[in-house]
Amino acid sequence: MVAAINMEAQASEAGPRASRRAWLRALGRPLTATGVIITIFFAVVAIIGPWLAPYDPSAVSDAATAAPSAAHWLGTTQNGQDIFSQMLYGARVSMFVGVGAAVVSTFLSVLVGLLAGYLGGAADELLSLVANVFLVLPALPLTIILAAYLPNSGSLGIIFVISITGWAWGARVLRAQTLSLRRRDFVEAARATGDRTSLIILRDILPNQIAIIAASFLGTVTGAILTQAGLAFLGLTDVTQWSWGTILYWAQVSSALLTGAWWWFVPAGLAIALLGTGLSLVNFGIDEFINPRLRQAGIGTRKAARGITKRRRATRRRPPRVSRPAAVPFTPDSTDVILEVQNLKVDYLGEYGSSTPAVNDVTFTLRRGEVLGIAGESGSGKSTLAYAITRLHKPPATISAGQILYTRPDGAKVDVLGLNEQELRDFRWEELSIVFQSAMNALNPVLRIGEQIADAIKAHRPQMTEVDRAKRVIELLQLVGIQPDRVRAYPHELSGGMRQRAMIAIGLALDPEIIVMDEPTTALDVVIQRQIVEKIMELKDKLGFSVIFITHDLSLLIELSDTIVVMYGGRIVERAAAQDFYRDPRHPYSRGLLASFPTLSGPRRELTGIPGSPPNLRNPPPGCAFHPRCPLAFAACSEVVPPLYQLETATGRTTDAACLIYDTSVSEGTSR
Amino acid sequence: MKSLLRRAFFYLVTAWAAISLNFLIPRIMPGDPAEHLINQFHGRLSPSAVTAMRALFGQSDKSLWQQYLDYWHNVFTGDFGLSYAYYPATVSEVLRTSMWWTLVLITLCTVIAFVLGTGLGVLAGWKRGTWLDSLVPVTTFVSSIPYFWFAIIVVLLFAMTLKWFPISGGYSWDATIGLNWPFISSALYYAVLPAFTIIAASVGGWLIGMRNMMVTTLSEDYVRLAEAKGLPPRRVVFTYAARNAMLPSLSGFAMSLGFVVGGSIVTEVVFNYPGIGTVLFKAAQAADYPLMSAIFLFITVMVLIANLLADVAYTFLDPRTREA
Amino acid sequence: MTVPDSVEPVLEGVDLTKHFAARGGSPFRRHKRVVHAVDGVSLKLYPGYITALVGESGSGKSTLARLLAQLYPVTGGEIRYRGQAVKATRGKAFRAYASKVQLILQDPFGSFNPVASILRTLQRAVRIHHADRSRAHQRATVDDLLRQVSLVPPEQFTEKFPHELSGGQLQRVSIARALAASPDVFLADEPVSSLDVSIRLGILNLLKKLTEERDVALLYVTHDIASARYFAAETAVMYAGELIEQGPSEEVTQHAAHPYTQLLIASAPDPSRGESARVKDIGQPPSLINPPAGCRFHPRCPYAMQRCQTEAPPRFDLGDSHTTRCWLYADDEEAETRRSQTSFTPQPPEPQTKEQS
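Computed from a predicted structure; not experimentally measured.

Colleague: Please provide a residue-by-residue account of the overall build of chain B, values included.
Modeller: Across its full length, chain B holds 13 helices and zero strands. Order of helices (α) and strands (β) in chain B, N terminus to C terminus: α-α-α-α-α-α-α-α-α-α-α-α-α. Taken along the three principal axes of its C-alpha coordinates, chain B extends 80 × 55 × 40 Å. Every one of the 324 residues in chain B was classed for burial, and the buried ones make up 56%. Positive and negative charge centroids in chain B, built from 20 and 16 side chains respectively, lie 10 Å apart.

Structure follows, in structure tokens:
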């Protein structure tokens, strides 16, 4: 039952992409399939059981308290009644009560939940209060009392009693779900289109709650069968009507336990437990369907773990810290490489051994003090790349090829992919830190800001005193422009911009050499974005770290980067100095992208944009991934994956572009 | 603090609802339970007891409102009348002797099951994708077993076959109830099997709930950041993942607790444990309505207090609820 | 691209105000706190022209769009459709209003019922607004709608479910759904901000084409002032629930008058601008529960004067239908001196005298 609670927390996650195929996939999982088979088996038995029964379940015979035999498969009772027949008849009553109670209480749940959630206001307050009161009242004692007042109540009475106490939970979950659905855009869109409220509830809200209603229904069936068995066992139902509970009642009353007649009480309990398990398994399937994170929990974990351990180890253990030489401003001609990424490939492992490359054959270098901007649209692999560099990618993502080399300030090279867990922990944050996209999600909601900075310091500098650490935390906060008195604030008490500053303070905690920033300002408004970006650049000049800045906002990137890397479909399509890139983008995709941004200053220029939409990585186009959208594409583009061609620029530097128009051997007379 | 006050207010409303429900149920139930009950005693009841019985079912000259006020007066003075199952003992006396058994047993079992289940859930969530995943179907099966049936099997195995523990009761017949070692040790000895049953049957629910929340929480960005910061795994698991994953479990405490309490009551019956569950069973058998409703009230109040404690813990763990 | 004087507005918001009850207030307190989401905003939408409504998150721009769609009842002010005041937040009146004024939402992935096919979604919209047509005719209308938003051939899209389409395609379906009503006014709430940069242009061009071809008015709500320059004839800027500057887009973006508009423009990333000095600003938008007295921007404003703290500025006319609510444009000496410190470069016709709105 506790498992069911979590659904409430996750109810709002039932995403729009939940597809019909996901249903089938959920069904195909062995545990869910087992659950479905068990449930169907018992349902069939409940329907046809009485016709299968070899004896009248109440008929007494001479074979008293007989152990299981060919004549009586499950033995007999004290009065010689056939237990197998009682089980078959009992299945019907138990299932009838279970399903009946579930139908009635689910109906009540849906009614109350939908009304409360959709109507809102006073109606919601009242209905929620009633539901919450019923939720807190201990159900079984109340049920016992109600049952006791209905002496010898038949199945209908029991259904009534169970429903009264069983509807509240479902109502609460459905109310929360309705509330979240009501706020969803498609309900607002339906309203704006002019649809009737009743139609909206029926067509937009209800169908999207089917999974949760089903889960609540199955949960109530289990609960009702257990409750009915409990009541019957206590003799609070009609004890002459055969159900699994009444079998146990008679076994208990006749001291079957003391006489060692195990066959009398074992089958009924097992049947209840088995049916309960079956229903719960089906529910887990629904749970996984609703919450995709659960579904992915196991996939590729082992394979990915193996991939890491197989790599060779080539690093010294915890090398001494070397202080960094004084910050030297970056020049475009610098050759002081700090990070080299070579032919990196990251695959997403699918459920049936399939794999989708998200990052493919990516090579670039980062020099000391440089700001490297990585631009790309959704699905270009830029975020996957950020995580792979820091080795923070999670299964099912796995690095399947390539190398990442880090050069320490003293010149020693570190093979990042070869580090073991402990070495990796030392490497990360000490040498390289990362600032995540959404500060709201990346800060622990239950920990003070100060603590979240301090614990990184503590983990890497265990010898530092508490006083020094506290001083350092304050210093870091001031560095990023947060008032020192906010050190005891929780993330939710800060504004979006302040949270992102706190994230940067965490990133700076150990004065790293490289900071990877994954869309650090995407969720912020332009004015706040400007504040944050200026802060980052100011700190970079002061502290001399290198930055890998990832964003979809090419204009921003050109302003702040020294070098720009453009990604498309998991590959690098262009790599150039920022100013060269802005003046003369070489790849057709880069050109299209630059011509998609409206400008504020200067005369209005023509915006051309790019036709079509980004490629589907599961099923990428052959050859150059951009060719279906490319105005310059020719036949060879759909056959050959273009390598990066080195091109001269007007400033005398070089630009790399992966486009066949630069290959003199294949591009016949195409304009550049 | 404000949110806690609001919760406390809600529990007061719930308590009021429970007490009023208790007052109403006998008055709206079909048939004539009073007559039925009086007949059962075959004239052994004193005339005053008969009047009290009729009053209980609303058969009185007083107005419904006056009856309601009287009822509240009785609730506050702890006067629930005579018990018919334990005649001539009063309901309060019966409650007073049995409540401690249940309180101690259930409190201990709930705490142990919660800690154990949550702890195992944290582990199973953290080590997802390993053999620990097989805990899920196993615990699902165990938590689908009716408590009382599990109790029967436990008795069969450990008391009857292996004879490690006593079959039933709450303490050895030669011990005198009180704060003396022979009694306490014997009570502990007798409590092992019931406690084991309740813990084993309820631990699975906590485990699965916690595992699923852990899996969900572990893919949160803040956990990823904690790992990236190079924090020791223990801090990542407990301070970052588990502390956040636990919140839904705590807020769902109410429902789970009601479930555990219900299961424990039936378990007590199997072990003939001298607690409230067994008393409730006997009261239900004898149609002892005053005793039943008093027990219901008692359990409700206890559950409400436990919920309030869970809310305090929640407020302590989640700073977001601390302000209004 | 400016709107000629001869064109009459089709939809007009006059002095619109919306206050929401603040959450988390004590239920025991009589005096409820309110969020001043929109305060005294007047806006006109002209047929055949795009009006951009620019602002940061929380500025009230989305609320204003929903007020104009009559999805929320207004707290104050009125909405005029073709000069007539209309109040139609529910029932038949609302449906009639919705057939004239259609809302397009920001998140294409969220604005479709995940369990309904594209055909069903569109058919529903068609059925509401063309109930008199036959089934076959309605079905043909759906195909026609898809063609109008360049989703061809329509058969390729009708049987699909929302998750099977890309964001750009879904946003086109969104527009098709709005077209089903053959409305006079589109209210597009950030229609492209959740799309990839390379496909935004296509959607904006489609909207522009529809606006011009069908002679409908379009309110383009956005946080991206640069796109307003390119796509809208008129641009209005909102800050903290108030409309602070308004005028022809080129005028507003090239000769921004209000210090906030100037800040917004200076903050927007724009490599074409080069290394010009930027406005240093450390502030953030105010709480809308207790907005600052006087001008709501004054705590952040580098040019704030004494009166900015106490008196809300009236609307000043800067000529060419360019107006702003800022004391810097008052006709007195102090304001003039201050004004010379800003980056505001007036157009040849000097700011005219103050005109009370």
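Colleague: Run through the overall build of chain C, naming residues and quoting values.
Modeller: Of the regular secondary structure elements, chain C holds eleven helices and twelve strands. When burial is assessed residue by residue, chain C has 59% of its 357 residues classed as buried. Considering only intrachain contacts with a sequence separation of at least 6, the fraction spanning at least 24 residues in chain C is 67%. For chain C, the accessible area works out to roughly 14,800 Å², and carbon and sulfur atoms hold 48% of it. Across chain C, 42 positive and 40 negative side-chain charges occur, with their mean positions spaced 11 Å apart.

Colleague: Can you break down the domain arrangement of chain B residue by residue, with the values?
Modeller: Residue and element names in this part refer to chain B. According to the domain assignment, chain B consists of domain 1 (2–77) and domain 2 (91–321). Using only C-alpha atoms to locate each centre, domain 1 and domain 2 end up separated by 31 Å. Summed over both partners, the interface of domain 1 with domain 2 buries about 1,300 Å², with 73% contributed by carbon and sulfur atoms. Taken together, the connections running from domain 1 to domain 2 amount to one salt bridge. Two residues, Arg-7 and Asp-311, come together in a salt bridge whose shortest N-O distance is 3.1 Å.

Colleague: Break down the nonpolar core for me, citing the residues and quoting the values.
Modeller: In terms of nonpolar packing, the biggest core is built from 166 residues, with Trp-244 and Phe-265 of chain A touching the most fellow members. The element that contributes the greatest number of residues to this core is helix H13 (residues 289–317) of chain B, accounting for 15 residues. When residues are assigned to domains, this core turns out to be shared by domain 1 (2–77) and domain 2 (91–321) of chain B, each giving three or more. When residues no more than four places from it in sequence are discounted, the contact partners of Trp-244 of chain A are Phe-42, Met-87, Gly-90, Ala-91, Ser-94, Ala-268, Ala-271, Ile-272 and Leu-275 of chain A. Counting 112 residues, the second largest nonpolar core, distinct from the first, contains Ala-456, Phe-545, Phe-597 and Cys-630 of chain A.

Colleague: Could you give an account of the UniProt feature "transmembrane region" (unreviewed entry) in chain B, naming the residues involved and the relevant values?
Modeller: UniProt annotation of "transmembrane region" (unreviewed entry) refers to residues 9–29, 100–126, 147–167, 187–208, 250–271 and 291–317 of chain B when read in the numbering used here. Across residues 147–167 of chain B, helical content stands at 71% and strand content at 0%; the span's end C-alpha atoms are separated by 16 Å.

Colleague: Can you break down the packing of aromatic side chains residue by residue, with the values?
Modeller: Taken as a whole and judged by the stated rule, the model has 30 aromatic pairs over all chains. Ring geometry for Phe-23 of chain B versus Tyr-71 of chain B: centroids 5.4 Å apart, planes at 55 degrees, classification tilted. Remark: Tyr-71 of chain B occurs in helix H4 (residues 64–77) and Phe-23 of chain B occurs in helix H1 (residues 2–28); sequence separation between them is 48 residues. Each residue in the set Phe-23, Trp-65, Tyr-68, Tyr-71, Trp-72 and Phe-76 of chain B is aromatic and connected to the rest through ring pairs, giving one cluster. The side chain of Arg-182 of chain A reaches across the aromatic face of Tyr-118 of chain A, ending 5.9 Å from its centre. Just above the ring of Tyr-387 of chain A sits the side chain of Arg-224 of chain B; from NZ or CZ to the centre is 3.9 Å.

Colleague: Give me the packing of helix H3 (residues 30–52) of chain A against helix H4 (residues 83–119) of chain A: which residues, what numbers.
Modeller: Residue and element names in this part refer to chain A. Relative orientation of the contacting elements H3 and H4 amounts to 135 degrees, with a least axis distance of 7 Å. By the criterion of interaxial angle, the relationship of H3 to H4 is oblique. As for the relative orientation of H3 and H4, their crossing is left-handed in sense. Judged by residue contacts, Phe-42, Ala-43, Val-45, Ala-46, Ile-47, Gly-49, Pro-50, Trp-51 and Leu-52 of H3 engage Leu-88, Tyr-89, Ala-91, Arg-92 and Met-95 from H4. Within the contact of H3 with H4, the residues separate by chemical class into twelve nonpolar, one polar and one charged.

Colleague: Outline the interface of chain B and chain A, listing residues and values.
Modeller: Contact with chain B, which involves 92 residues of that partner, is made by 85 residues of chain A. At the junction of chain B and chain A, the tally comes to two salt bridges. Its salt-bridge partner being Arg-235 of chain B, residue Asp-455 of chain A comes within 3.1 Å of it at the nearest N-O pair. Linking chain B with chain A are 13 residue pairs in polar contact (both at pLDDT 80 or more). Tallying contributions element by element places helix H11 (residues 253–271) of chain B first for the side of chain B that touches chain A, with eleven residues. Class assignment of the residues belonging to the side of chain B that touches chain A gives a composition of 56 nonpolar, 23 polar and 13 charged.

Colleague: Tell me about the sheet that holds strand E9 (residues 563–568) of chain A, residues and numbers included.
Modeller: All names here are of chain A. The eight strands are arranged E6-E7-E8-E3-E9-E10-E12-E11 in an open sheet whose pairing can be described as mixed. Looking at the sheet topology across the chains shown, the edges are occupied by strand E6 (432–435) and strand E11 (645–648). Along the sheet, successive strands turn relative to each other by an average axial angle of 20 degrees, direction set aside. Bridge count for E9 against strand E10 (residues 571–577) is six bridges, and the pairing is antiparallel. Of the residues in E10, the one forming a bridge with Val-565 is Arg-575.

Colleague: Could you give an account of the pairing of strand E1 (residues 337–349) of chain A, with specific residues and numbers?
Modeller: Residue and element names in this part refer to chain A. In the sheet, E1 pairs with strand E2 (residues 355–367) via nine bridges, with the strands oriented antiparallel. If you follow Val-341 over to E2, its bridge partner there is Phe-364. As paired strands, E1 and strand E4 (residues 397–407) are joined by eight bridges and run antiparallel to one another. By the bridge assignment, Glu-340 is partnered in E4 with Leu-405.

Colleague: Tell me about H13 of chain B, and name the residues and values.
Modeller: Structurally, the α-helix is built with 3.6 residues per turn, so residues lying three or four positions apart point the same way. Over its 29 residues, H13 of chain B runs 42 Å from end to end, which matches the ideal 42 Å to within 8%, given 1.5 Å per residue. Extensive coverage of H13 of chain B is indicated by the burial of 21 of its 29 residues.

Colleague: Describe in detail the interface of chain C and chain A, supporting the description with residues and values.
Modeller: Taken together, the contact between chain C and chain A spans 63 residues of the former and 60 residues of the latter. Summing both sides of the interface, chain C and chain A together bury roughly 5,600 Å²; the carbon and sulfur share of this comes to 52%. Remark: the boundary between chain C and chain A carries four salt bridges. Between Asp-195 of chain A and Arg-124 of chain C there is a salt bridge, with its nearest N and O atoms 2.6 Å apart. Here chain C and chain A share 24 residue pairs in polar contact (both at pLDDT 80 or more) between them. Mapped by element, the contributors of at least two residues to the side of chain C that touches chain A are helix H2 (91–98), strand E6 (101–104), helix H3 (118–129), helix H7 (197–214), helix H8 (225–231), helix H9 (249–254) and helix H10 (259–267) of chain C.

Colleague: Can you break down unusual backbone geometry residue by residue, with the values?
Modeller: With an omega dihedral of -10 degrees, the bond running from Val-152 of chain C to Pro-153 of chain C counts as a cis peptide bond. Tracing the backbone through its elements, the reader meets Pro-153 of chain C in the loop between helix H4 (135–148) and helix H5 (155–158).

Colleague: Quick rundown of the sheet that holds strand E3 (residues 50–54) of chain C? Include the residues and the values.
Modeller: All names here are of chain C. Taken in spatial order, the eight strands line up as E6-E7-E8-E3-E9-E10-E12-E11 in an open sheet, and their pairing is mixed. The sheet is open, and its two borders are formed by E6 and strand E11 (316–317), each paired with just one other strand. In this sheet, strand E8 (residues 217–222) lies alongside strand E7 (residues 185–189) in parallel orientation, the contact comprising five bridges. Within E8, the position partnered with Phe-186 by the bridge is Leu-218.

Colleague: Lay out the pairing of E11 of chain A with the relevant residues and their values.
Modeller: Residue and element names in this part refer to chain A. Alternating residues of E11 divide into Tyr-645 and Leu-647, all buried, and Gln-646 and Glu-648, none buried. Across four bridges, the pairing between E11 and strand E12 (residues 654–657) is antiparallel. Residue Glu-648 lies in a different strand from E12, and its bridge partner there is Thr-654. Where E11 folds back onto E12 in an antiparallel hairpin, the turn is made up of five residues, including Gly-652, whose phi is positive at roughly 90 degrees.

Colleague: Give me helix H11 (residues 210–233) of chain A: which residues, what numbers.
Modeller: Residues and elements named next belong to chain A. Along its 24 residues, H11 runs 34 Å from first to last C-alpha, staying within 8% of the 34 Å computed at 1.5 Å per residue. Counting buried positions along H11 yields 21 of 24 residues, so the element is predominantly enclosed. Looking one or two residues beyond H11, the residue adopting positive phi is Gly-235, at roughly 80 degrees.

Colleague: Describe the pattern of salt bridges, listing the residues and the values that go with them.
Modeller: Enumeration according to the criterion identifies 36 salt bridges over all chains in this entry. A salt bridge links Arg-124 of chain C to Asp-204 of chain A, with the nearest nitrogen and oxygen atoms 2.8 Å apart. Taken together, the residues Arg-124 of chain C in helix H3 and Asp-204 of chain A in helix H10 (residues 197–205) connect one chain to another. One exposure class covers both Arg-124 of chain C and Asp-204 of chain A, and it is buried. Counted as one network, the salt bridges with shared partners bring together Glu-188 of chain A together with Arg-66 and Asp-189 of chain C.

Colleague: Can you tell me about the confidence of the model for chain B, naming the residues and giving the values?
Modeller: Interpretation of the predicted coordinates at a detailed level should be avoided for regions scoring low in pLDDT. On average, chain B scores 82 in pLDDT, and the residues at 70 or more come to 91%. At the low end of the mean pLDDT range in chain B sits helix H2 (residues 33–40) of chain B, at 66; at the high end sits helix H9 (residues 221–228) of chain B, at 89.

Conventions and cut-offs
- Residues numbered from 1 in each chain as written.
- Chains lettered and ligands numbered in written order.
- Predicted model: local features only at pLDDT ≥ 70, side-chain atom pairs only at ≥ 80, totals over all residues.
- Heavy atoms only, no water.
- Helix = DSSP H or I, 4+ residues; strand = E, 2+ residues; numbered from the N terminus.
- Buried < 20%, exposed > 50% of the residue type's maximum accessible area, 1.4 Å probe, protein only.
- Lys, Arg positive; Asp, Glu negative; His and termini not counted.
- Charge placed at Lys NZ, Arg CZ, Asp CG, Glu CD.
- Contact = heavy atoms within 4.5 Å.
- Areas by Shrake-Rupley, 256 points an atom, 1.4 Å probe, with all protein chains shown as cover.
- Domains from an automatic or database assignment.
- Buried area = accessible area lost by both parts, 1.4 Å probe.
- Salt bridge = Lys/Arg side-chain N within 4 Å of Asp/Glu carboxyl O.
- Core = buried A, V, L, I, M, F, W, Y, C linked by side-chain atoms within 4.5 Å.
- UniProt positions renumbered as here; feature names shortened; annotations may be inferred.
- Phe/Tyr/Trp six-rings, centres within 6.5 Å; stacked < 30°, edge-to-face > 60°.
- Lys NZ or Arg CZ within 6 Å of the ring centre and 35° of its normal.
- Axes fitted to C-alpha atoms, helices over the stretch in contact; angles between N-to-C directions.
- Parallel < 35°, antiparallel > 145°, perpendicular 65-115°, else oblique.
- Left-handed = near helix turned anticlockwise from the far one by under 90°.
- Nonpolar A, V, L, I, M, F, W, Y, C, P; charged D, E, K, R; others polar.
- Polar contact = N/O pair within 3.5 Å; in protein donor to acceptor, adjacent residues only side chain to side chain.
- Pairing = 2+ DSSP bridges.
- Expected span 1.5 Å × (residues − 1).
- pLDDT = per-residue confidence, 0-100.

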